[in-house]
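Listed below, chain by chain, are the residues.
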Amino acid sequence: MNKCLICEAEYQSFVDFGEMPIANAFAKKEDLVDEYKFPMKMGFCKSCKMVQLAEQPERERMFHENYAFFSSTSNYMKEHFKKFANSVCELQELNERSFVLEIGSNDGIMMQNFVNRNIPCLGIEPSKNVAKVAREKGIEVLTEFFDLKLAENIITKYQKADAILSANVMCHIPYMHSIYDGVKALLKDNGVFIFEDPYLGEVIEKTSFDQIYDEHVFLFSALSVSHLASMHGLELIDTEFQITHGGSMRYTLAHKGAKKVSNNVITRIKNEMELGLHTPEAYSNFSDNVDKIRDDLISLLIELKNKGKRVVAYGATSKSTTVANYFGITPDLVECIYDTTPIKQNKLSPGAHIPVLPYDQFRQSDPDYVLLFAWNHATEIMKKEKEYMANNKHWITYIPKVEVS
Ligand code: SAM
Ligand code: TMP
């Protein structure tokens, strides 16, 4: 039995991945001594409906000066965050007297849009290497972890915010009550807190189990977010589905009673209840579904190896750490992973130790099959590689099921 991070009720895990490394701990061979691992299990709390990791490594092991995830590697995501920022400008009628805060601003992919429009803004980003890239774009960044204490300091040194934004960060933070207390204190009366994260409904429907890794301590739904908001005098006033990161949800919160609640929220919660996300039954087949994908993919990779086919992977994603380690994909099944992120290149992938090579070498490597670890960027990547792959090469994808195309 585990204790819920939100309501402290006891709950049971529904999937157990065994010992897992840090998803972004790409390392040189000589640095791979005593690779850190932790027991990775996900559970559902019946009481407050939160889906959560039973254990998470300390935050400094994941977010530091060598953090390997740089948001701006995807052109699609640059466009996505430009539209996100523009929609906030309209919603809150922002101007040069407004103040916008982003929690987990990474390399400035979202904040640069506010800087371009002369809207005062501040990024909070504890990983120093990615924060440096944002500063080089002219964005003011505090290299600290956001929590209630930091929120109080920001109120003293700056002002309250018209909008607090966050993308793919809230689900990373186990100390949610301090975050929500901080947001409550920092928001102007008319302010909004808008965040997006991988959506629980999609993970369950597609069996996208690789959304589960050390950094993803929560998988949110409108059900769990509205409950959490109500514990802090906040209210879920809107939800909007996003196709990013394999299916995400954008949640808009405001002070309780300050703004009209959209019909979207009622419909979304109704849909989630129809899917049964409020009951343990929705999660009961998840583990078996993951194992079916594992068995199918490993059989395929062994068959291809026996036929003398060469298989490489594309995108050294955080998600791929769960796939490679839980499935037991080693370099004899998948030769290497090609990736555009310099900090990951010429290193070994966490746990499975598959070599990560610069993307520039992908086309000359001439593989027969390409395992798409970055399936969440499939549209962008498949478009880019269309001509090359037409040359009798095949993609292998595995969410929601194993397919060769
Ligand atoms: N927002 C970006 C995006 O969507 O591409 C970056 C997402 S990245 C997966 C998560 C980021 O959250 C990392 O840059 C990490 O350093 C940051 N982070 C983790 N815990 C945080 C906290 N308590 N406060 C602020 N940022 C945090
Ligand atoms: P993410 O799934 O966590 O966003 O990570 C995507 C990874 O895939 C990141 O390491 C960069 C890599 N990538 C490429 O190598 N080529 C591409 O075209 C894209 C979009 C991503």
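What counts and how
- Residues numbered from 1 in each chain as written.
- Chains lettered and ligands numbered in written order.
- Predicted model: local features only at pLDDT ≥ 70, side-chain atom pairs only at ≥ 80, totals over all residues.
- Heavy atoms only, no water.
- Near = heavy atom within 4 Å.
- Polar contact = N/O pair within 3.5 Å; in protein donor to acceptor, adjacent residues only side chain to side chain.
- Areas by Shrake-Rupley, 256 points an atom, 1.4 Å probe, with all protein chains shown as cover.
- Helix = DSSP H or I, 4+ residues; strand = E, 2+ residues; numbered from the N terminus.
- Nonpolar A, V, L, I, M, F, W, Y, C, P; charged D, E, K, R; others polar.
- Core = buried A, V, L, I, M, F, W, Y, C linked by side-chain atoms within 4.5 Å.
- Buried < 20%, exposed > 50% of the residue type's maximum accessible area, 1.4 Å probe, protein only.
- Domains from an automatic or database assignment.
- Buried area = accessible area lost by both parts, 1.4 Å probe.
- Salt bridge = Lys/Arg side-chain N within 4 Å of Asp/Glu carboxyl O.
- Pairing = 2+ DSSP bridges.

(A) Fine view of the site of ligand 2. Taken together, 18 residues form the shell around ligand 2, and within it Asp339, Lys344, Asn376, His377 and Lys384 come nearest. Separating an oxygen atom of ligand 2 from a side-chain N or O atom of Asp339 is a distance of 2.6 Å. In this structure, Lys384 approaches ligand 2 through a side-chain N or O atom, which is 2.6 Å from an oxygen atom. Contact with the protein chains hides 97% of the accessible area of ligand 2, taken as 490 Å² for the molecule alone. In terms of residues, the shell around ligand 2 owes the most to one element, helix α13 (residues 378-384), which gives 3 residues. When grouped by side-chain class, the residues that make up the shell around ligand 2 number 5 nonpolar, 8 polar and 5 charged.

(B) Looking closely at the site of ligand 1. Taken together, 21 residues form the shell around ligand 1, and within it Ser71, Glu125, Ser127, Ala167 and Asn168 come nearest. Contact between ligand 1 and Asn106: an oxygen atom at 3.1 Å from a side-chain N or O atom of the residue. In this structure, Phe146 approaches ligand 1 through a main-chain N or O atom, which is 2.9 Å from a nitrogen atom. Protein contact buries 97% of the 600 Å² of open area that ligand 1 shows by itself. Residue composition of the shell around ligand 1, by class: 13 nonpolar, 6 polar and 2 charged.

(C) Here's a closer look at the nonpolar core. Core analysis: the largest hydrophobic core is formed by 94 residues, its most contacted members being Phe146, Met176, Tyr180, Phe220, Leu253, Phe327 and Ile329. Examining the composition of this core, we find that 8 residues originate from one element, helix α10 (residues 286-306), more than from any other. When residues of this core are sorted by domain, at least three fall in each of domain 1 (71-284) and domain 2 (286-404). Formed by 23 residues, the second largest nonpolar core is a distinct cluster that contains Met77, Phe81, Ala134 and Ile139.

(D) Molecular detail of the domain arrangement of the protein. Domain annotation for the protein reports domain 1 (71-284) and domain 2 (286-404). Between domain 1 and domain 2, the C-alpha centre-to-centre distance is 30 Å. Its largest share of buried area at the contact with domain 2, domain 1 owes to Thr207, Phe209 and Asp210, together 39% of the area lost on that side. Joining domain 1 to domain 2, the criterion identifies 0 salt bridges. Linking domain 1 with domain 2 are 7 residue pairs in polar contact (both at pLDDT 80 or more), by the criterion used here. Those elements giving two or more residues to the side of domain 1 that touches domain 2 turn out to be α2 (75-92) and α7 (200-206).

(E) Fine view of the sheet that holds strand β6 (residues 121-124). Pairing is mixed across the open sheet formed by 7 strands, whose spatial order is β7-β6-β5-β8-β9-β12-β11. Here the strands that pair on one side only, and so sit at the sheet edges, are β7 (141-142) and β11 (234-242). Pairing of strand β5 (residues 100-103) with β6 involves 4 bridges; the strand directions are parallel. In the sheet register, Glu102 faces β6, and the bridge partner there is Gly123.

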